[in-house]
Amino acid sequence: MDALQCLLLTLLLLHQAMCSSVGAEVTRAAGRSVTFHLQNLNGNTVVWSFQHDVIVTVTFGSPPKAVFFDDKYKPRLAFPKNGSALTISQLRMGDAGTYTAKTTTGAKNTFTLHVYRELVVLMVTCTVQNCSADSCHYTLRCTALGSGYGNVSYGWSLGGLWSEGPTVVLEESPLDKLPLTCMAQNPVSSRNTTVVSPAALCAENTTHPPSTGTYSSKQAGIVAAAVTGAGVLLAVVIFLIYCKSKGWKNFHFPAVEATNPVCFWKTSAKPPRRSQECSHEVTEARGSLGRDKSWQETTGDM
């Protein structure tokens, strides 16, 4: 390789180094906004890409002119400083990734965006309780409810003492009344919650354990009994509707035939004088005394 080739290679590498900025990493909370500022402003147009897909081109000016290649970004993008910066508002979890800006002269800026949800609720549970006559030992665990928080760090504070981690083991005597505080932090937020009495917390967890999303055996038995009862009730309703459709409105129980079924059917081999219907059609045409007699006469014909 001669001197001229070495000089050209050196100039090329130097040009690439000057045109490419070191990738910047930015962390923001979901729902907030972020602004990327260009470092090299050579040229009059910049092309913005997300994960190697072009989303918009911006021509510098007052105001800048933007041409969108992906309209889903249009309501949330702005171009301050005459187009030399890009602002994304109302950040979503899906906005996390790499953004690249290239100018018409070849200058390149890269930004890596991390998006996390802010911590909302901390839950403290009692995992172990061991009591003697003089004191009790408790194991408590602190957890951030939800997802999308990234790396969450936990710590416990008690009377000026500090313990790292989501779990703490402590001893409580009847004279100890110091509040115990769990603190949690992720890249975009922090939260804390205070336990006034570990004994009360453990007692509550014992009587009302946190829901695990599954049925206990007792709950399953209750559900099975409820389903069975509903089935029996439905069968009774269907039977009553069927009887009503057949005209079985008046049920009569003669004293001498107490074990007879509710609806009387003829079962002899002789053709019935009427169609197989309940005997109430006969009894409706007579008085109360005549109804009993007609029933007995009909029974004698069988």
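Remember, it's a predicted structure, so these values are computed and weren't measured experimentally. Going along each chain's sequence as written, the residues are numbered from 1 onward. Note on the predicted model: pLDDT of at least 70 is required for a residue's local features to be given, and 80 or more for side-chain atom pairs to be given and counted; whole-chain, interface and lining totals, by contrast, use all residues. The side-chain quantities take in all heavy atoms of the structure and omit both hydrogens and water.

(A) Region of interest: the state of the cysteines. The definition used for a disulfide is geometric: two cysteine sulfur atoms within 2.5 Å. Under the definition given, this model contains three disulfides. Between the sulfur of Cys131 and that of Cys136 lies a disulfide, 2.0 Å long from S to S. Between Cys131 and Cys136 the sulfur-sulfur dihedral comes to about 115°; the bridge is accordingly right-handed. Only protein chains enter the accessibility calculation, which uses a 1.4 Å probe; a residue is then buried when its area is under 20% of its type maximum, exposed when over 50%, and partly exposed in between. Among the residues examined, Cys136 registers a relative accessible area of 14% and is labelled buried. Paired by a disulfide, Cys142 and Cys182 hold their sulfur atoms 2.0 Å apart. Negative torsions about the S-S bond denote left-handed disulfides, and the value of about -90° found for Cys142 with Cys182 makes this one left-handed. Of the two residues, Cys142 is situated in strand E11 (residues 136–145) and Cys182 in strand E15 (residues 180–186); the sequence distance between them amounts to 40 residues. The residues Cys142 and Cys182 share a single accessibility class, namely buried. Only DSSP runs of H or I with at least four residues qualify as helices, and only runs of E with at least two residues qualify as strands; both kinds are numbered from the N terminus onward.

(B) Examining the pairing of strand E7 (residues 85–88) more closely. Covered by surrounding structure in E7 are Ala85 and Thr87 together with Leu86 and Ile88, the residues of both alternating faces. Pairing between strand E2 (residues 34–37) and E7: four bridges, direction antiparallel. Following the sheet pairing, Val34 is matched in E7 by Ile88. Sheet analysis places strand E6 (residues 77–78) next to E7, joined by two bridges and oriented antiparallel. Note that in E7 the partner of Leu77 across the bridge is Ile88. Between E6 and E7, which follow one another and run antiparallel, lie six residues, and Lys81 among them has a positive phi close to 55°. Whether two strands pair comes down to DSSP finding at least two bridges between them.

Geometric descriptors of this kind do not, in isolation, establish any biological role.
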